[in-house]
Each structure stands twice: as C-alpha cells, then as structure tokens.
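# Working through the structure, step by step
Single-letter residue listing:
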Amino acid sequence: MKRTKLLNRHLSKLVASLGHMDEIVLADAGLPVPANVGVIDLAVSPGIPAFFDVLEALADEMIIEQAVFADEASEDLVTQIEVRLAHWAADTGKPIEHVRMSHEDFKERCSKARAVIRTGECTPYANLILVSGVPF
C-alpha cells in the first residue's frame, strides 16, 4: 500500500508517467473535455470529490512548475488556489508560476493535456492546468 495520500491507481499511474512540462487538468464537473484527451472521472455526485481534496492529494506526488487558471474565476477561488500553490511551492522548494487566461483560451489549451481529472466540484471555473516540473 502507498504511504502518501494519493491512493487512486489511475492518478498514481498518470503522475508517475509525467515528464517535464507535461500538463494535466484538474477540472470541475462541467469542463468540456477535448475528444483527444483522456479522462480520469472521479465525479460521484455534486461536490464529491471536491476540487481542493483532489488538489491536496496531487500535491504530495508532484512537482509543479506552472499553474494555469481562468480569469473568470472568482477572487475567493483564486485566493484559495494561490494559497495552496504557495504551500506546495514551500514544501517542494520550487516556485510555481501562476498564469491566468480567458476561460475560452483555457479550454483550448486543455487539448494538449495528458489527461483531465474530473471532480464533482460545482464551483464555476474551478479548473486548473498543472504543468509538471522536475525535482532537481
């Protein structure tokens, strides 16, 4: 059994396969997924699992170089994301660049992701592209 928080074998396999600059999308329940991108669908019901619960589990497993989110996200949501990213950066000793773009551009960029992780989150624009970094 694994020692870290991330128990889902599909997420573990995805994270283990990431190379430098690969992108994954942590998505709310409503984000459209491009046809060419795989989906790890964790959504059970509205709010389950929550966006931030999945983000916290991923934080134990990944080095993130960049995080991308939509301009349309509420300031409260952005603050919550930025606080968690700051803790993540402090834990790894690696800075995380924050990039904001329009939701339309965000959806377009999702087409180059390795996978979309769909949560049960129903907060508008609770979506985040995580760009994989390296531990050295």
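Keep in mind it's a predicted model, so treat the numbers as computed, not measured. (Residues numbered from 1 in each chain as written. Predicted model: local features only at pLDDT ≥ 70, side-chain atom pairs only at ≥ 80, totals over all residues. Heavy atoms only, no water.)

### Brief notes about the environment of valine 83
Note on placement: valine 83 falls in helix 3 (residues 75-92). What makes valine 83 partly exposed here is its relative accessible area of 40%. Taking the C-alpha atoms as reference points, valine 83 and glycine 120, 37 residues apart in sequence, are found 21 Å from one another. (Helix = DSSP H or I, 4+ residues; strand = E, 2+ residues; numbered from the N terminus. Buried < 20%, exposed > 50% of the residue type's maximum accessible area, 1.4 Å probe, protein only.)

### Focus on unusual backbone geometry
The omega angle of the peptide bond from isoleucine 48 to proline 49 is -10°, so this bond is cis rather than trans. With respect to the secondary-structure elements, proline 49 resides in the loop between strand 2 (38-41) and helix 2 (51-59). Even without glycine at this site, methionine 21 takes up a positive phi of about 80°. Relative to the elements of secondary structure, methionine 21 occurs in the loop between helix 1 (9-17) and strand 1 (23-27). On the basis of relative accessibility, which here comes to 44%, the residue methionine 21 falls in the partly exposed class. We note that tyrosine 125 has phi near 65°; this positive angle belongs to a residue other than glycine. Within the secondary structure, tyrosine 125 is located in the loop between strand 5 (115-118) and strand 6 (128-132).

Just distances and angles here, no functional claims.
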